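# Structural features, examined
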Amino acid sequence: MTLAGKKVVVIGGSSGIGLATAELAKGEGADVIIASRSAAKLDPVAERLKVTAIPADVTNDQSVADLFRRTGPVDHVVLTAAQLRTGPFKTVSMEDVRGTMEGKFWGAWRVAREAEIRPGGSLTLVTGFLSVRPRPNSAIISAANGALESLARALALELAPVRVNAVSPGVVDTPIRAAMPESARKEMLAKTAAALPVGRVGVADDIARQIASFMSNGFATGSIVYIDGGALVN
């Protein structure tokens, strides 16, 4: 299977892993649609890649329904969008906890329900390796990722013959880390790289390549692949 001529929707396609996925799919000849909450971020990317942009908020039922009403039937859907808010378990606000689940888990639920994916097509969710290697102050993200991986397996049965898979990245240097002070970001990434068997942290293209593999491999469904530079075996 190839992506040439296929209609691919990337939600979260304006930056990071989503942008890398959109670029890869476009390069392979797909008809790409990118979606995200911010039209201001979407439009310049869409113009550069020569793809279609549709603003959409995965935390809003109607917004997700409108997105797929506009796209019509599609071949592949990729969801990288997430709004993560966390903190120490005893003190993190319930508003932040609910917001993380709303964006990460329920957003995927909405997308899976509303998307009209052609038989043999695919839905790929992006989770995160905290589901199996938790860290302090991130319990809600660990829980959301674990729930999303369970959902992917269940939907592989519920939505068949549409294929459903999940990619679980380790530490990846993407714009999501831009909120960190630059010196702290560089130090964290350097320490992580030194501890990994591959000797570096991930980049968005590493994850995009696995997503593209899930889209193009017609025998892959119900699979969770950890792309973490060896963090889970280290």
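As shown above, the structure is provided for reference.
This report concerns the structure included in the present document. (Residues numbered from 1 in each chain as written. Predicted model: local features only at pLDDT ≥ 70, side-chain atom pairs only at ≥ 80, totals over all residues. Heavy atoms only, no water.)

## So, the packing of aromatic side chains
Two aromatic rings, taken as a pair, are described by how far apart their centres are and by the angle between their planes. Inspection of every chain in the model, using the stated rule, returns three aromatic pairs. Relative to Trp-106, the ring of Phe-105 lies with its centre 5.0 Å away and its plane at 80°, an arrangement referred to as edge-to-face. The class for Phe-105 is buried, based on a relative accessible area of 11%. Trp-106 gets classed as partly exposed once you look at its relative accessible area, which sits at 37%. Members of the aromatic cluster, each reached through a chain of ring pairs, are Phe-105, Trp-106 and Trp-109. (Phe/Tyr/Trp six-rings, centres within 6.5 Å; stacked < 30°, edge-to-face > 60°. Buried < 20%, exposed > 50% of the residue type's maximum accessible area, 1.4 Å probe, protein only.)

## Some details on the pairing of strand β5 (residues 117-126)
In regular strands, side chains alternate between the two faces of the sheet. In terms of burial, β5 is a largely internal element, seven of the ten residues being buried. Pairing between strand β4 (residues 74-79) and β5: five bridges, direction parallel. Across the sheet, residue His-76 finds its bridge partner in β5, namely Ser-122. Once you follow β4 into helix α4 (residues 94-114) and on to β5, the crossover reads as right-handed. (Helix = DSSP H or I, 4+ residues; strand = E, 2+ residues; numbered from the N terminus. Pairing = 2+ DSSP bridges. Right-handed = clockwise from strand over helix to strand, strands pointing away.)

## Regarding the pattern of salt bridges
Opposite charge on two side chains lets them pair, provided their charged atoms get close. Applying the stated criterion to the full structure yields twelve salt bridges. Across the pair Arg-110 and Glu-102 runs a salt bridge whose closest N-O atoms are separated by 2.2 Å. For the salt bridge of Glu-182 with Arg-185, the shortest nitrogen-to-oxygen distance reads 2.8 Å. Of this pair, Glu-182 and Arg-185 are both found in helix α6 (residues 182-195), three residues apart, which corresponds to roughly one turn of the helix. For Arg-185, a relative accessible area of 15% translates into the label buried. Through salt bridges with shared partners, a single ionic network connects Asp-173, Glu-182, Arg-185 and Lys-186. (Salt bridge = Lys/Arg side-chain N within 4 Å of Asp/Glu carboxyl O.)

Read these as layout, nothing more, since geometry by itself doesn't imply function.
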